[in-house]
Amino acid sequence: MAGNILGTTVYYDADCNVEKLVGKKITVLGYGSQGHAHALNLKENGMDVTIGLRKGSKSWTAAEEAGFPVKETGEAVKGADIVMVLIPDELQADTYANAIAPNLKKGAYLAFAHGFNIHFNKIVPPADANVFMVAPKGPGHLVRRTFQEGSGVPCLVAVEKDPSGDTMEIAKAWAAGIGAGRSGILETTFRQETETDLFGEQAVLCGGVCALMQTGFETLVEAGYNPVNAYFECVHEMKLIVDLIYEGGFQTMRNSISNTAEYGDYLTGPKMITEQTRQAMRDVLKDIQSGAFAEAFIKDSKTGFPFLKGERAKAENHEVEKVGAALRNLMPWIKK
Ligand SMILES: NC(=O)C1=CN([C@@H]2O[C@H](COP(=O)(O)OP(=O)(O)OC[C@H]3O[C@@H](n4cnc5c(N)ncnc54)[C@H](OP(=O)(O)O)[C@@H]3O)[C@@H](O)[C@H]2O)C=CC1
Ligand SMILES: CC[C@](O)(C(C)=O)C(=O)O
Ligand SMILES: [Mg+2]
Ligand SMILES: [Mg+2]
(Lines give C-alpha, C1' and ligand atoms only; values in the text may rest on other atoms or scores of the structure.)
(Ligands and ions follow the chains in the order given, each with its own letter.)
Protein backbone atom coordinates (compact mmCIF):
# COMPACT_ATOMS: atom_id res chain seq x y z
CA MET A 1 0.00 0.00 0.00
CA ALA A 2 1.00 3.65 -0.41
CA GLY A 3 3.80 4.71 1.86
CA ASN A 4 5.71 7.79 2.79
CA ILE A 5 9.47 7.73 2.53
CA LEU A 6 11.08 10.84 4.07
CA GLY A 7 8.19 13.05 2.94
CA THR A 8 7.73 11.48 -0.52
CA THR A 9 4.48 9.64 -1.25
CA VAL A 10 5.13 6.28 -2.89
CA TYR A 11 2.43 4.22 -4.61
CA TYR A 12 2.42 0.54 -5.55
CA ASP A 13 0.14 -1.57 -7.76
CA ALA A 14 -2.51 -1.83 -5.03
CA ASP A 15 -2.85 1.99 -5.01
CA CYS A 16 -3.30 2.31 -8.78
CA ASN A 17 -6.27 1.45 -10.98
CA VAL A 18 -4.85 0.46 -14.37
CA GLU A 19 -8.46 -0.09 -15.52
CA LYS A 20 -8.75 3.71 -15.76
CA LEU A 21 -6.90 3.44 -19.07
CA VAL A 22 -9.23 0.80 -20.50
CA GLY A 23 -11.47 2.20 -23.26
CA LYS A 24 -9.25 5.26 -23.68
CA LYS A 25 -7.65 5.92 -27.04
CA ILE A 26 -3.95 6.14 -26.25
CA THR A 27 -1.34 7.63 -28.57
CA VAL A 28 2.37 7.28 -27.92
CA LEU A 29 4.43 9.70 -30.01
CA GLY A 30 7.84 8.17 -30.77
CA TYR A 31 8.97 4.55 -30.76
CA GLY A 32 12.52 4.93 -29.42
CA SER A 33 14.02 4.04 -26.04
CA GLN A 34 11.00 5.09 -23.93
CA GLY A 35 8.35 4.92 -26.67
CA HIS A 36 8.67 1.22 -27.45
CA ALA A 37 8.73 0.34 -23.73
CA HIS A 38 5.63 2.35 -22.70
CA ALA A 39 3.71 1.24 -25.79
CA LEU A 40 4.51 -2.49 -25.54
CA ASN A 41 4.00 -2.69 -21.76
CA LEU A 42 0.61 -0.94 -22.01
CA LYS A 43 -0.44 -3.06 -25.01
CA GLU A 44 0.37 -6.23 -23.06
CA ASN A 45 -1.82 -4.84 -20.25
CA GLY A 46 -4.72 -4.72 -22.72
CA MET A 47 -4.64 -1.03 -23.71
CA ASP A 48 -5.58 0.45 -27.10
CA VAL A 49 -2.30 2.05 -28.23
CA THR A 50 -1.54 3.85 -31.50
CA ILE A 51 1.97 5.01 -32.37
CA GLY A 52 2.56 8.46 -33.90
CA LEU A 53 5.72 9.00 -35.95
CA ARG A 54 7.00 11.46 -38.50
CA LYS A 55 6.87 10.51 -42.18
CA GLY A 56 9.88 8.37 -43.16
CA SER A 57 10.68 7.48 -39.53
CA LYS A 58 13.27 4.77 -38.95
CA SER A 59 11.04 3.32 -36.21
CA TRP A 60 7.91 2.96 -38.37
CA THR A 61 8.48 -0.67 -39.45
CA ALA A 62 9.48 -1.83 -35.96
CA ALA A 63 6.27 -0.37 -34.50
CA GLU A 64 4.13 -1.98 -37.21
CA GLU A 65 5.90 -5.31 -36.81
CA ALA A 66 5.12 -5.17 -33.08
CA GLY A 67 1.42 -5.01 -34.05
CA PHE A 68 0.64 -1.30 -33.48
CA PRO A 69 -1.41 0.91 -35.76
CA VAL A 70 1.09 3.59 -36.84
CA LYS A 71 0.08 7.05 -38.09
CA GLU A 72 1.80 10.33 -38.84
CA THR A 73 2.10 12.48 -35.72
CA GLY A 74 -0.87 14.85 -36.31
CA GLU A 75 -3.18 12.03 -37.42
CA ALA A 76 -2.24 9.97 -34.36
CA VAL A 77 -3.07 12.89 -32.04
CA LYS A 78 -6.52 13.45 -33.58
CA GLY A 79 -9.21 11.86 -31.39
CA ALA A 80 -6.75 10.50 -28.82
CA ASP A 81 -7.79 10.69 -25.16
CA ILE A 82 -4.18 10.47 -23.93
CA VAL A 83 -1.13 11.64 -25.88
CA MET A 84 2.25 10.62 -24.40
CA VAL A 85 5.09 12.63 -25.95
CA LEU A 86 8.14 10.36 -26.21
CA ILE A 87 10.10 12.10 -28.94
CA PRO A 88 13.48 13.77 -28.27
CA ASP A 89 13.21 16.80 -25.95
CA GLU A 90 14.73 19.16 -28.53
CA LEU A 91 12.01 18.29 -31.10
CA GLN A 92 9.02 18.44 -28.78
CA ALA A 93 8.27 22.19 -28.92
CA ASP A 94 8.19 22.40 -32.74
CA THR A 95 6.25 19.14 -32.99
CA TYR A 96 3.80 20.44 -30.39
CA ALA A 97 3.23 23.67 -32.35
CA ASN A 98 2.96 22.01 -35.77
CA ALA A 99 1.28 18.67 -35.15
CA ILE A 100 0.07 18.23 -31.56
CA ALA A 101 -1.66 21.51 -30.62
CA PRO A 102 -3.72 21.79 -33.85
CA ASN A 103 -5.04 18.23 -33.38
CA LEU A 104 -5.31 17.82 -29.60
CA LYS A 105 -8.87 16.93 -28.55
CA LYS A 106 -10.48 19.26 -25.98
CA GLY A 107 -9.98 17.89 -22.47
CA ALA A 108 -7.35 15.36 -23.56
CA TYR A 109 -4.46 14.27 -21.33
CA LEU A 110 -1.05 15.40 -22.56
CA ALA A 111 1.80 13.47 -21.00
CA PHE A 112 5.60 13.44 -20.83
CA ALA A 113 8.40 11.24 -19.49
CA HIS A 114 10.57 14.24 -18.62
CA GLY A 115 9.49 17.73 -17.58
CA PHE A 116 11.95 19.70 -19.77
CA ASN A 117 9.53 21.37 -22.20
CA ILE A 118 6.78 22.14 -19.70
CA HIS A 119 9.14 23.35 -16.96
CA PHE A 120 11.14 25.60 -19.29
CA ASN A 121 7.90 26.90 -20.94
CA LYS A 122 8.78 25.60 -24.39
CA ILE A 123 5.33 24.01 -24.50
CA VAL A 124 2.33 25.85 -23.04
CA PRO A 125 -0.76 23.59 -23.28
CA PRO A 126 -4.29 25.01 -23.50
CA ALA A 127 -6.37 25.58 -20.36
CA ASP A 128 -8.59 22.55 -21.01
CA ALA A 129 -5.70 20.05 -21.29
CA ASN A 130 -4.74 17.75 -18.43
CA VAL A 131 -0.96 17.58 -18.18
CA PHE A 132 0.96 14.84 -16.38
CA MET A 133 4.34 13.19 -16.30
CA VAL A 134 5.45 9.59 -15.80
CA ALA A 135 9.24 9.69 -15.69
CA PRO A 136 10.96 6.31 -15.41
CA LYS A 137 14.15 6.49 -13.36
CA GLY A 138 16.01 4.30 -15.83
CA PRO A 139 16.65 3.75 -19.54
CA GLY A 140 13.70 2.75 -21.73
CA HIS A 141 15.19 -0.60 -22.68
CA LEU A 142 15.21 -1.52 -18.98
CA VAL A 143 11.61 -0.29 -18.59
CA ARG A 144 10.79 -2.97 -21.16
CA ARG A 145 13.20 -5.67 -19.95
CA THR A 146 12.28 -5.44 -16.26
CA PHE A 147 8.55 -5.48 -17.16
CA GLN A 148 9.09 -8.71 -19.10
CA GLU A 149 11.03 -10.16 -16.17
CA GLY A 150 8.13 -9.37 -13.82
CA SER A 151 9.50 -6.30 -12.05
CA GLY A 152 9.70 -2.67 -13.19
CA VAL A 153 11.70 0.53 -13.17
CA PRO A 154 10.56 3.03 -10.48
CA CYS A 155 8.85 6.13 -11.89
CA LEU A 156 8.22 9.69 -10.77
CA VAL A 157 4.70 11.02 -11.39
CA ALA A 158 3.60 14.65 -11.42
CA VAL A 159 0.57 16.66 -12.46
CA GLU A 160 0.96 20.14 -13.94
CA LYS A 161 -2.67 20.86 -14.92
CA ASP A 162 -5.80 19.05 -13.77
CA PRO A 163 -9.05 20.50 -15.19
CA SER A 164 -10.66 17.01 -15.17
CA GLY A 165 -9.82 16.42 -11.50
CA ASP A 166 -8.52 12.86 -12.08
CA THR A 167 -5.15 13.49 -13.76
CA MET A 168 -3.09 12.00 -10.91
CA GLU A 169 -5.21 8.83 -11.08
CA ILE A 170 -4.51 8.58 -14.83
CA ALA A 171 -0.79 9.21 -14.25
CA LYS A 172 -0.66 6.48 -11.58
CA ALA A 173 -2.56 4.09 -13.87
CA TRP A 174 -0.04 4.77 -16.65
CA ALA A 175 2.92 4.25 -14.33
CA ALA A 176 1.47 0.97 -13.05
CA GLY A 177 0.62 -0.05 -16.63
CA ILE A 178 4.28 0.16 -17.62
CA GLY A 179 5.41 -1.84 -14.55
CA ALA A 180 6.40 0.83 -12.03
CA GLY A 181 3.75 -0.23 -9.49
CA ARG A 182 5.91 -3.26 -8.75
CA SER A 183 8.90 -1.15 -7.70
CA GLY A 184 7.52 2.24 -6.66
CA ILE A 185 5.76 5.30 -8.09
CA LEU A 186 6.94 8.50 -6.39
CA GLU A 187 4.93 11.72 -6.41
CA THR A 188 6.87 14.83 -7.40
CA THR A 189 6.61 18.06 -9.44
CA PHE A 190 7.71 18.94 -12.97
CA ARG A 191 10.36 21.28 -11.55
CA GLN A 192 11.85 18.69 -9.17
CA GLU A 193 11.98 15.99 -11.82
CA THR A 194 13.44 18.23 -14.52
CA GLU A 195 16.19 19.79 -12.44
CA THR A 196 17.25 16.64 -10.57
CA ASP A 197 17.16 14.49 -13.72
CA LEU A 198 19.34 16.95 -15.67
CA PHE A 199 21.74 17.31 -12.74
CA GLY A 200 21.97 13.55 -12.14
CA GLU A 201 22.65 12.63 -15.76
CA GLN A 202 25.24 15.41 -16.24
CA ALA A 203 27.16 15.51 -12.98
CA VAL A 204 26.94 11.88 -11.86
CA LEU A 205 25.31 9.11 -13.91
CA CYS A 206 26.59 9.87 -17.41
CA GLY A 207 28.92 12.90 -17.49
CA GLY A 208 30.61 12.43 -14.12
CA VAL A 209 30.99 8.65 -14.14
CA CYS A 210 32.14 8.38 -17.78
CA ALA A 211 34.70 11.17 -17.32
CA LEU A 212 35.98 9.49 -14.15
CA MET A 213 36.32 6.07 -15.79
CA GLN A 214 37.92 7.45 -18.96
CA THR A 215 40.40 9.62 -17.02
CA GLY A 216 41.37 6.64 -14.85
CA PHE A 217 41.94 4.56 -18.00
CA GLU A 218 44.02 7.34 -19.60
CA THR A 219 46.14 7.78 -16.45
CA LEU A 220 47.12 4.08 -16.36
CA VAL A 221 47.80 3.87 -20.11
CA GLU A 222 49.84 7.10 -20.04
CA ALA A 223 51.94 5.55 -17.24
CA GLY A 224 52.73 2.57 -19.49
CA TYR A 225 50.25 -0.01 -18.21
CA ASN A 226 48.56 -2.46 -20.54
CA PRO A 227 45.30 -0.92 -21.91
CA VAL A 228 43.42 -4.19 -21.33
CA ASN A 229 44.44 -4.15 -17.71
CA ALA A 230 43.48 -0.45 -17.49
CA TYR A 231 40.07 -1.15 -19.04
CA PHE A 232 39.26 -3.96 -16.61
CA GLU A 233 40.26 -1.80 -13.62
CA CYS A 234 38.60 1.47 -14.57
CA VAL A 235 35.60 0.51 -16.73
CA HIS A 236 34.60 -3.16 -16.82
CA GLU A 237 34.59 -3.74 -13.07
CA MET A 238 32.44 -0.65 -12.47
CA LYS A 239 29.26 -2.64 -13.12
CA LEU A 240 30.18 -5.28 -10.56
CA ILE A 241 30.90 -2.66 -7.92
CA VAL A 242 27.76 -0.65 -8.75
CA ASP A 243 25.64 -3.83 -8.62
CA LEU A 244 26.65 -4.24 -4.95
CA ILE A 245 25.82 -0.59 -4.22
CA TYR A 246 22.45 -1.07 -5.97
CA GLU A 247 21.73 -4.15 -3.86
CA GLY A 248 22.75 -2.83 -0.45
CA GLY A 249 24.25 0.64 -0.54
CA PHE A 250 27.87 1.67 -0.06
CA GLN A 251 28.24 -0.55 3.02
CA THR A 252 27.36 -3.76 1.18
CA MET A 253 29.94 -2.89 -1.46
CA ARG A 254 32.53 -2.03 1.21
CA ASN A 255 31.81 -5.31 3.05
CA SER A 256 32.69 -7.19 -0.11
CA ILE A 257 35.92 -5.40 -1.05
CA SER A 258 39.24 -5.94 0.72
CA ASN A 259 40.34 -3.81 3.68
CA THR A 260 43.10 -2.56 1.39
CA ALA A 261 40.52 -1.28 -1.10
CA GLU A 262 38.33 0.22 1.62
CA TYR A 263 41.30 2.05 3.17
CA GLY A 264 42.27 3.41 -0.27
CA ASP A 265 38.61 4.33 -0.93
CA TYR A 266 38.46 6.66 2.13
CA LEU A 267 41.98 8.00 1.55
CA THR A 268 41.71 8.74 -2.17
CA GLY A 269 38.00 9.44 -2.81
CA PRO A 270 38.19 12.94 -1.24
CA LYS A 271 41.31 13.69 -3.28
CA MET A 272 39.32 13.02 -6.46
CA ILE A 273 36.20 14.93 -5.45
CA THR A 274 37.74 18.14 -4.17
CA GLU A 275 36.17 21.46 -3.12
CA GLN A 276 36.70 22.52 -6.74
CA THR A 277 34.61 19.52 -7.92
CA ARG A 278 31.86 20.41 -5.43
CA GLN A 279 31.86 23.98 -6.71
CA ALA A 280 31.68 22.71 -10.30
CA MET A 281 28.62 20.64 -9.32
CA ARG A 282 26.97 23.69 -7.74
CA ASP A 283 27.68 25.69 -10.91
CA VAL A 284 26.20 22.95 -13.11
CA LEU A 285 23.07 22.97 -10.93
CA LYS A 286 22.80 26.77 -11.17
CA ASP A 287 22.94 26.60 -14.98
CA ILE A 288 20.20 23.99 -14.95
CA GLN A 289 18.01 26.01 -12.54
CA SER A 290 18.45 29.28 -14.45
CA GLY A 291 17.55 27.66 -17.78
CA ALA A 292 21.03 28.42 -19.23
CA PHE A 293 21.68 24.72 -19.90
CA ALA A 294 18.29 24.34 -21.60
CA GLU A 295 18.97 27.35 -23.85
CA ALA A 296 22.45 26.08 -24.81
CA PHE A 297 21.07 22.61 -25.60
CA ILE A 298 18.23 23.97 -27.75
CA LYS A 299 20.64 26.38 -29.53
CA ASP A 300 23.00 23.49 -30.37
CA SER A 301 20.07 21.43 -31.71
CA LYS A 302 18.77 24.31 -33.87
CA THR A 303 22.19 24.69 -35.55
CA GLY A 304 22.52 20.96 -36.35
CA PHE A 305 24.12 19.90 -33.03
CA PRO A 306 27.76 20.91 -33.77
CA PHE A 307 28.78 20.40 -30.12
CA LEU A 308 26.87 17.15 -29.58
CA LYS A 309 28.03 15.60 -32.85
CA GLY A 310 31.66 16.71 -32.42
CA GLU A 311 31.88 15.29 -28.89
CA ARG A 312 30.07 12.09 -29.94
CA ALA A 313 32.64 11.49 -32.73
CA LYS A 314 35.56 12.11 -30.33
CA ALA A 315 34.08 9.75 -27.76
CA GLU A 316 33.39 7.01 -30.32
CA ASN A 317 36.99 7.12 -31.57
CA HIS A 318 38.67 7.13 -28.14
CA GLU A 319 41.01 4.22 -27.39
CA VAL A 320 38.89 3.20 -24.39
CA GLU A 321 36.03 2.23 -26.73
CA LYS A 322 38.28 0.17 -29.00
CA VAL A 323 39.74 -1.77 -26.06
CA GLY A 324 36.23 -2.30 -24.65
CA ALA A 325 34.89 -3.61 -27.98
CA ALA A 326 37.79 -6.08 -28.31
CA LEU A 327 37.26 -7.33 -24.76
CA ARG A 328 33.52 -7.72 -25.16
CA ASN A 329 34.15 -9.91 -28.22
CA LEU A 330 35.84 -12.35 -25.84
CA MET A 331 32.80 -12.28 -23.55
CA PRO A 332 29.83 -13.09 -25.83
CA TRP A 333 27.59 -13.79 -22.83
CA ILE A 334 27.48 -10.03 -22.13
CA LYS A 335 25.44 -9.44 -25.32
CA LYS A 336 22.14 -11.17 -24.67
N1 LIG B 1 16.05 7.46 -23.04
C2 LIG B 1 15.57 7.24 -21.81
O3 LIG B 1 15.73 6.16 -21.25
C4 LIG B 1 14.78 8.28 -21.10
C5 LIG B 1 14.13 9.28 -21.78
N6 LIG B 1 13.25 10.10 -21.13
C7 LIG B 1 12.52 11.08 -21.90
O8 LIG B 1 11.69 10.40 -22.86
C9 LIG B 1 11.51 11.22 -24.02
C10 LIG B 1 11.93 10.43 -25.25
O11 LIG B 1 13.31 10.19 -25.21
P12 LIG B 1 13.98 8.88 -25.85
O13 LIG B 1 13.11 7.71 -25.63
O14 LIG B 1 15.39 8.86 -25.36
O15 LIG B 1 13.95 9.24 -27.39
P16 LIG B 1 14.60 8.43 -28.60
O17 LIG B 1 15.57 9.33 -29.27
O18 LIG B 1 15.07 7.09 -28.15
O19 LIG B 1 13.36 8.15 -29.58
C20 LIG B 1 12.71 9.15 -30.22
C21 LIG B 1 11.56 8.59 -31.06
O22 LIG B 1 10.80 9.69 -31.50
C23 LIG B 1 10.65 9.60 -32.92
N24 LIG B 1 10.45 10.95 -33.45
C25 LIG B 1 11.37 11.89 -33.71
N26 LIG B 1 10.76 13.00 -34.15
C27 LIG B 1 9.44 12.74 -34.16
C28 LIG B 1 8.29 13.49 -34.52
N29 LIG B 1 8.40 14.73 -34.97
N30 LIG B 1 7.06 12.90 -34.40
C31 LIG B 1 6.95 11.64 -33.95
N32 LIG B 1 8.02 10.88 -33.61
C33 LIG B 1 9.23 11.44 -33.71
C34 LIG B 1 11.91 8.89 -33.36
O35 LIG B 1 11.74 8.31 -34.63
P36 LIG B 1 12.64 8.67 -35.91
O37 LIG B 1 13.86 9.42 -35.44
O38 LIG B 1 12.92 7.34 -36.50
O39 LIG B 1 11.76 9.51 -36.72
C40 LIG B 1 12.02 7.83 -32.27
O41 LIG B 1 11.12 6.78 -32.51
C42 LIG B 1 12.35 12.48 -23.76
O43 LIG B 1 11.50 13.42 -23.17
C44 LIG B 1 13.38 12.01 -22.73
O45 LIG B 1 13.92 13.04 -21.90
C46 LIG B 1 12.98 9.97 -19.80
C47 LIG B 1 13.60 9.00 -19.05
C48 LIG B 1 14.62 8.16 -19.61
C1 LIG C 1 20.36 9.01 -17.01
C2 LIG C 1 19.85 9.50 -18.34
C3 LIG C 1 18.35 9.70 -18.41
O4 LIG C 1 17.95 10.73 -17.52
C5 LIG C 1 17.67 8.41 -17.98
C6 LIG C 1 17.89 7.14 -18.71
O7 LIG C 1 17.02 8.39 -16.95
C8 LIG C 1 17.97 10.11 -19.85
O9 LIG C 1 17.59 11.28 -20.05
O10 LIG C 1 18.09 9.28 -20.77
MG1 LIG D 1 16.68 10.16 -16.01
MG1 LIG E 1 17.14 12.50 -18.49
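A quick note: this is a predicted structure, and the numbers were derived from the prediction, not measured.

## Looking at the pairing of strand 9 (residues 155–161)
Note on strand geometry: in a regular strand, side chains alternate between the two faces of the sheet. Burial runs high along strand 9: 6 of the 7 residues are buried. Sheet topology places strand 8 (residues 130–136) next to strand 9; 6 bridges connect them, and they run antiparallel. Following the sheet pairing, Pro-136 is matched in strand 9 by Cys-155.

## Some words on the site of ligand 1
Around ligand 1 sit 26 residues in total, of which Gly-30, Gly-32, Ser-57, Lys-58 and His-114 are the nearest. Among the elements of the structure, helix 1 (33–44), strand 4 (48–53), helix 4 (89–100) and strand 8 are those that each provide at least two residues to the shell around ligand 1. Split by residue class, the shell around ligand 1 holds 11 nonpolar, 12 polar and 3 charged.

## Considerations on the site of ligand 2
Inspection of the region around ligand 2 gives Gly-138, Pro-139, Asp-197, Glu-201, Leu-205 and Cys-206 as its neighbouring residues. Tallied by class, the residues present in the shell around ligand 2 amount to 3 nonpolar, 1 polar and 2 charged.

## Remarks on the nonpolar core
Counting 63 residues, the largest nonpolar core has Val-83, Ala-111, Phe-132, Met-133, Val-134, Val-157 and Ala-175 as its most contacted members. Sorting elements by how many residues they give to this core places helix 7 (residues 167–177) first, with 6 residues. When sequence neighbours within four positions are dropped, the list of residues in contact with Val-134 reads Ala-111, Ala-113, Cys-155, Val-157, Ala-171, Trp-174 and Ala-175. Core analysis: the second largest hydrophobic core is formed by 6 residues, Phe-217, Ala-230, Val-320 and Val-323 among them.

## Digging into the domain arrangement of the protein chain
Split by domain assignment, the protein chain resolves into domain 1 (3–188) and domain 2 (206–273 + 305–334). Between the C-alpha centres of domain 1 and domain 2 the distance comes to 34 Å.

## Quick look at the UniProt feature "binding site: substrate" (unreviewed entry) in the protein chain
When the UniProt feature table is mapped to this numbering, "binding site: substrate" (unreviewed entry) covers Ser-258. Take Ser-258: it is sitting in the loop between helix 10 (227–256) and helix 11 (259–272). Here Ser-258 falls in the exposed class, since 9 other C-beta atoms lie within 10 Å of it.

## Digging into helix 1
Taking 1.5 Å of rise per residue, 12 residues should cover 16 Å, and helix 1 covers 17 Å from first to last C-alpha, within 8% of that figure. Buried positions along helix 1 lie against strand 3 (25–29), strand 4, strand 6 (82–85), strand 8, helix 6 (140–149) and helix 7. Positioned one or two residues after helix 1, Gly-46 has a phi angle of 90°, which is positive.

## A closer look at the pairing of strand 7 (residues 109–112)
Neither face of strand 7 is exposed, since Tyr-109 and Ala-111 on one face and Leu-110 and Phe-112 on the opposite face are all buried. Two strands pair when backbone bridges link them, and strand 6 and strand 7 are joined in this way by 4 bridges, in the parallel orientation. Bridge pairing in strand 7 links Ile-82 to Tyr-109. Running through helix 4, the crossover from strand 6 to the neighbouring parallel element strand 7 is right-handed. Bridge count between strand 7 and strand 8: 4 bridges; the pairing is parallel.

## Topic: the sheet that holds strand 6
If you walk across this open sheet you meet the 10 strands as 1-2-10-9-8-7-6-3-4-5, and the pairing is mixed. Sheet topology places strand 1 (3–5) and strand 5 (70–72) at the edges, where each strand pairs with a single neighbour. Shown here is a sheet whose adjacent strand axes are inclined to one another by a mean of 30°, direction ignored. Bridge count between strand 4 and strand 5: 3 bridges; the pairing is parallel. Each bridged residue has a counterpart across the sheet, and for Gly-52 the counterpart in strand 5 is Lys-71.

## Side note on the UniProt feature "domain: KARI C-terminal knotted" (unreviewed entry) in the protein chain
Taking the UniProt record as the reference, the feature "domain: KARI C-terminal knotted" (unreviewed entry) is found at residues 189–334. Measuring from the first to the last C-alpha atom of residues 189–334 gives 37 Å, for a span that is 86% helix and 0% strand.

## Thoughts on the environment of Arg-328
Note on placement: Arg-328 falls in helix 15 (residues 319–329). Sequence-wise, Arg-328 and Arg-145 are 183 residues apart; in three dimensions their C-alpha atoms are separated by 21 Å.

## A short note on the packing of helix 10 against helix 15
Where helix 10 contacts helix 15, the two axes come as close as 10 Å, and the packing angle between them is 95°. Put simply, helix 10 runs roughly perpendicular to helix 15. Facing helix 10, whose interface residues are Pro-227, Val-228, Tyr-231, Val-235 and His-236, helix 15 presents Glu-319, Val-320, Val-323, Gly-324 and Leu-327. For the contact of helix 10 with helix 15, the residue count by class is 7 nonpolar, 2 polar and 1 charged.

## Regarding the packing of helix 8 (residues 190–205) against helix 12 (residues 275–290)
For the pair helix 8 and helix 12, interaxial distance at closest approach is 10 Å and the crossing angle is 140°. On the basis of their axis angle, the class for helix 8 and helix 12 is oblique. The element helix 8 and its partner helix 12 pack so that their crossing is right-handed. Along the contact surface, helix 8 presents Glu-195, Leu-198, Phe-199, Gln-202 and Ala-203, while helix 12 presents Met-281, Val-284, Leu-285, Ile-288 and Gln-289. Of the residues belonging to the contact of helix 8 with helix 12, the class tally is 7 nonpolar, 2 polar and 1 charged.

The rules behind the values
Residues numbered from 1 in each chain as written. Chains lettered and ligands numbered in written order. Predicted model: local features only at pLDDT ≥ 70, side-chain atom pairs only at ≥ 80, totals over all residues. Buried ≥ 20, exposed ≤ 12 C-beta atoms within 10 Å, placed from the backbone. Helix = DSSP H or I, 4+ residues; strand = E, 2+ residues; numbered from the N terminus. Pairing = 2+ DSSP bridges. Near = placed C-beta within 6 Å. Nonpolar A, V, L, I, M, F, W, Y, C, P; charged D, E, K, R; others polar. Core = buried A, V, L, I, M, F, W, Y, C linked by C-beta atoms within 7 Å. Contact = placed C-beta atoms within 7 Å. Domains from an automatic or database assignment. UniProt positions renumbered as here; feature names shortened; annotations may be inferred. Expected span 1.5 Å × (residues − 1). Right-handed = clockwise from strand over helix to strand, strands pointing away. Axes fitted to C-alpha atoms, helices over the stretch in contact; angles between N-to-C directions. Parallel < 35°, antiparallel > 145°, perpendicular 65-115°, else oblique. Left-handed = near helix turned anticlockwise from the far one by under 90°.

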